[in-house]
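These are the residues of each chain, in order.
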Amino acid sequence: MKPAEIQAVQAELRRLTGSAKLTIRAPKTRNGPVELLADDEVIGTVDRDDEDGDLAYHVTITILSEDLAGG
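In this report, we go over the structure that sits alongside the text. Predicted model only: the values in this text are computed from it and were never measured.

Going residue by residue along strand 1 (residues 22-25), you find L22 and I24 tucked away on one face and T23 and R25 left uncovered on the opposite face. The sheet contact formed by strand 1 and strand 2 (residues 34-38) spans 4 bridges and is antiparallel. In the strand pairing of strand 2, I24 is matched with L36.

The structure is reproduced here in structure tokens:
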């Protein structure tokens, strides 16, 4: 993802969730994951999908069972 795309997707995620704590970080290496962070903790990834000419961004959030209350 290009820097302008990252900024636009980040702004939309913040708007949708009402949280300024969300940040999207560019890959550290070529073809590395684009990471979604909340308060500097990686909580998932963002993928760009340009299949069939329809551009979309997919957000995957991972929650570990050990992070759940009582889990």
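Attention shifts here to unusual backbone geometry. For D40, which is not glycine, the phi torsion reads 70° and is therefore positive. Relative to the elements of secondary structure, D40 occurs in the loop between strand 2 and strand 3 (41-49). For D52, which is not glycine, the phi torsion reads 60° and is therefore positive. By the secondary structure assignment, D52 is in the loop between strand 3 and strand 4 (56-61).

Judged by nonpolar contacts, I6, V9, L13, L22, I24, V34, L36 and V46 together constitute the single largest core of 8 residues. Only helix 1 (3-17), strand 1 and strand 2 provide two or more residues apiece to this core. The element that contributes the greatest number of residues to this core is helix 1, accounting for 3 residues.

With that out of the way, let us pick up the side chain of E35. As for its placement among the helices and strands, E35 is situated in strand 2. A polar atom in the side chain of E35 sits 2.6 Å from the side chain of R25. Excluding its chain neighbours within four sequence positions, the residues that come into contact with E35 are T23, I24, R25, V42, G44 and T45.

Further remarks concern a nonpolar patch on the surface. Judged by side-chain polarity, V59, I61, I63 and L68 come together as a nonpolar surface patch covering roughly 380 Å² of accessible area. With respect to the helices, strands and loops of the structure, I63 is situated in the segment after strand 4. Using a relative accessible area of 62% as the deciding quantity, one classes I63 as exposed.

Conventions adopted
Residues numbered from 1 in each chain as written. Predicted model: local features only at pLDDT ≥ 70, side-chain atom pairs only at ≥ 80, totals over all residues. Heavy atoms only, no water. Buried < 20%, exposed > 50% of the residue type's maximum accessible area, 1.4 Å probe, protein only. Helix = DSSP H or I, 4+ residues; strand = E, 2+ residues; numbered from the N terminus. Pairing = 2+ DSSP bridges. Core = buried A, V, L, I, M, F, W, Y, C linked by side-chain atoms within 4.5 Å. Polar contact = N/O pair within 3.5 Å; in protein donor to acceptor, adjacent residues only side chain to side chain. Contact = heavy atoms within 4.5 Å. Patch = residues over 30% accessible without salt bridge, like charges linked within 9 Å, V, L, I, M, F, W, Y side chains within 5 Å. Areas by Shrake-Rupley, 256 points an atom, 1.4 Å probe, with all protein chains shown as cover. Salt bridge = Lys/Arg side-chain N within 4 Å of Asp/Glu carboxyl O.

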